[in-house]
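# Report on the structure
If you want the building blocks of each chain, they are given just below.
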Amino acid sequence: RLLLVRGTCHLDASRYVEAEADLRAAVSHDPDNIDVYRVLGHLLAQTGRFGEAADAFALQAERTPDMPGIDALHGAALHQAERWLAAITPLERAVRTPEDAESRILLADAMVRSGGDLSRATALLDEAAHIAPRDRRVSEVRSRVLLEQGDVEGALELLVRAPN
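First, a word on scope: everything that follows refers to the structure included in this document. These figures come from a predicted structure and were not determined experimentally.

## Focus on the pattern of salt bridges
Counted by the stated rule, this structure contains 18 salt bridges. Arg 49 serves as the salt-bridge partner of Glu 52, at 3.1 Å between the closest nitrogen and oxygen. Note that Asp 135 is salt-bridged to Arg 137, the shortest N-O span being 2.6 Å. Judged by relative accessible area, Asp 135 falls into the buried class, the value being 18%. Several salt bridges converge on common partners, so that one network encompasses Glu 20, Arg 24, Arg 49 and Glu 52.

Take a look at the structure:
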């Protein structure tokens, strides 16, 4: 437990090398400590290692599937790692949270980029726009849907009108 706390303190102070050393030691010392995987995932995401972060969040999700937000973290890391198909499943679970615009946007984007259901992606974007009407990413992903449908002019017009 001490290694987890110390690793978290290092992470909060942006001392990433020290944080990673402590967190990896915490995993080695006590692989059943479920909290360490979430903290390690945050560290790896903050240092741009999204594939590794997704793996850490996946371990956390396996051990605590009902933990609030873990599916969103896992899906977001997979999305950042450009593992679109893999991102869909945890993001589908994450969108069960009524006010989670972020997961809806990421899920819609993953669906578009993986050749998924464009009508479902559009419905998710409608929900996200209702939750977060000023989020420019809704327009960005909507423009990808329009491009997939062959509507270049519509995509451009949407981006011109998008909130800043």
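Read on, since the account is not over.
## Details of a nonpolar patch on the surface
A contiguous nonpolar patch, built from Leu 147, Val 152 and Leu 156 and spanning about 260 Å² of accessible area, is present on the exposed surface. In this fold, Leu 156 is placed in helix H10 (residues 152–161). Relative accessible area serves as the criterion here: at 48%, Leu 156 is assigned to the partly exposed category.

## Observations concerning helix H3 (residues 34–46)
For H3, the complete set of buried residues consists of Val 36, Tyr 37, Val 39, Leu 40, Gly 41, Leu 43 and Leu 44. Check the buried side of H3 and you find it contacts helix H1 (2–12), helix H2 (16–29) and helix H4 (50–63). The distance from a side-chain oxygen at the start of H3 to the backbone nitrogen of Asp 35 is 3.2 Å, and the residue carrying that oxygen is Asn 33. The first or second residue beyond H3 is Gly 48, which carries a positive phi of 75 degrees.

Basis of the calculations
- Residues numbered from 1 in each chain as written.
- Predicted model: local features only at pLDDT ≥ 70, side-chain atom pairs only at ≥ 80, totals over all residues.
- Heavy atoms only, no water.
- Salt bridge = Lys/Arg side-chain N within 4 Å of Asp/Glu carboxyl O.
- Buried < 20%, exposed > 50% of the residue type's maximum accessible area, 1.4 Å probe, protein only.
- Patch = residues over 30% accessible without salt bridge, like charges linked within 9 Å, V, L, I, M, F, W, Y side chains within 5 Å.
- Areas by Shrake-Rupley, 256 points an atom, 1.4 Å probe, with all protein chains shown as cover.
- Helix = DSSP H or I, 4+ residues; strand = E, 2+ residues; numbered from the N terminus.
- Contact = heavy atoms within 4.5 Å.
- Polar contact = N/O pair within 3.5 Å; in protein donor to acceptor, adjacent residues only side chain to side chain.

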